[in-house]
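Observations on the model geometry
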Amino acid sequence: TQLLEQSPQFLSIQEGENLTVYCNSSSVFSSLQWYRQEPGEGPVLLVTVVTGGEVKKLKRLTFQFGDARKDSSLHITAAQPGDTGLYLCAGAAGGFKTIFGAGTRLFVKA
Amino acid sequence: DTAVSQTPKYLVTQMGNDKSIKCEQNLGHDTMYWYKQDSKKFLKIMFSYNNKELIINETVPNRFSPKSPDKAHLNLHINSLELGDSAVYFCASSQVKGGNGYTFGSGTRLTVV
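Here the structure is a predicted model, which means the values were calculated and not measured.

Once that is clear, we can look at the nonpolar core. Leu19(A), Leu32(A), Trp34(A), Leu74(A), Ile76(A) and Leu106(A) are the most contacted members of the largest nonpolar core, which totals 23 residues. Looking at this core, the elements that each hand over two or more residues are β2 (10-14), β3 (19-24), β4 (31-37), β5 (44-49), β7 (61-65), β8 (71-76), β9 (85-92) and β11 (104-109) of chain A. Those residues in contact with Leu19(A) that lie beyond four places of it in its chain are Leu11(A), Ile13(A), Leu74(A), His75(A), Ile76(A), Ala79(A) and Leu106(A). Judged by nonpolar contacts, the second largest core, of 19 residues, contains Trp34(B), Leu76(B), Ile78(B) and Leu81(B).

At the junction of the two partners, chain A supplies 21 residues and chain B supplies 24 residues. With both sides pooled, the region where chain A packs onto chain B buries about 1,800 Å², and carbon together with sulfur makes up 57% of that total. The tally of links from chain A across to chain B stands at zero salt bridges. Across the contact surface, chain A and chain B share five residue pairs in polar contact (both at pLDDT 80 or more). Those elements that provide at least two residues to the side of chain A that touches chain B are β4, β5, β9 and β10 (98-100) of chain A. A total of four residues in the side of chain A that touches chain B trace back to one element, the largest contributor, which is β4(A). Of the residues in the side of chain A that touches chain B, the class split is nine nonpolar, nine polar and three charged.

As a further point, take the sheet that holds strand β6 (residues 55-58) of chain A. All names here are of chain A. Taken in spatial order, the five strands make up an open sheet running β1-β3-β8-β7-β6, and their pairing is antiparallel. Strand pairing shows two members of the sheet lacking a second neighbour, β1 (5-7) and β6, which therefore form its edges. When strand polarity is set aside, the average angle formed by the axes of neighbouring strands in this sheet is 15 degrees. Bridge count for β3 against β8 is six bridges, and the pairing is antiparallel. Opposite Val21, over in β8, you have Leu74 as the bridge partner.

Rules used in this analysis
Residues numbered from 1 in each chain as written. Chains lettered and ligands numbered in written order. Predicted model: local features only at pLDDT ≥ 70, side-chain atom pairs only at ≥ 80, totals over all residues. Heavy atoms only, no water. Core = buried A, V, L, I, M, F, W, Y, C linked by side-chain atoms within 4.5 Å. Buried < 20%, exposed > 50% of the residue type's maximum accessible area, 1.4 Å probe, protein only. Helix = DSSP H or I, 4+ residues; strand = E, 2+ residues; numbered from the N terminus. Contact = heavy atoms within 4.5 Å. Buried area = accessible area lost by both parts, 1.4 Å probe. Salt bridge = Lys/Arg side-chain N within 4 Å of Asp/Glu carboxyl O. Polar contact = N/O pair within 3.5 Å; in protein donor to acceptor, adjacent residues only side chain to side chain. Nonpolar A, V, L, I, M, F, W, Y, C, P; charged D, E, K, R; others polar. Pairing = 2+ DSSP bridges. Axes fitted to C-alpha atoms, helices over the stretch in contact; angles between N-to-C directions.

If you want it as structure tokens, here you go:
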């Protein structure tokens, strides 16, 4: 069974702090996606990384795909209250199946 | 313009009833999915259809029956609802196999009482 483990499960920080969320697996994925979900809404795709070692930036968010394509990280610089939400990583395992991690719930206090 | 729309947003029903959730996407995507999100926010695939053809059918009770009349629609019918079916159900779509990411609907919160 393929699993994606996210850590930490919960993170509460002050506005302006930096943070990193991790997504790890023992399986290799053809691509890995990061989503943010807000209460009462569906997950919204932030980024897809495809190549081992790839780094993508989205404003204050930096996403990295591990060299072996088994893990990924999301780093947020100078977090803001608007960054509050549930962050989900998801790995495309080939074919039509994508596996989701259990999520990291981030709360940024003003 | 909503890309993936699902209805209803909320559904409260009694045990034993039959209910349906509808989903439509206007993105021209080939593949549509149903996911279940439990109280711990874990998203689990239930079904996937590619061009109206069922391609993923996870270990889901056969009380759940998806139907795709065309590639823009994927509905979910649930028979004999049980308390454990209470969850948020998400419809999603993707262009070819989902490796580049999904577009999700806003979810249907099903509560069985």
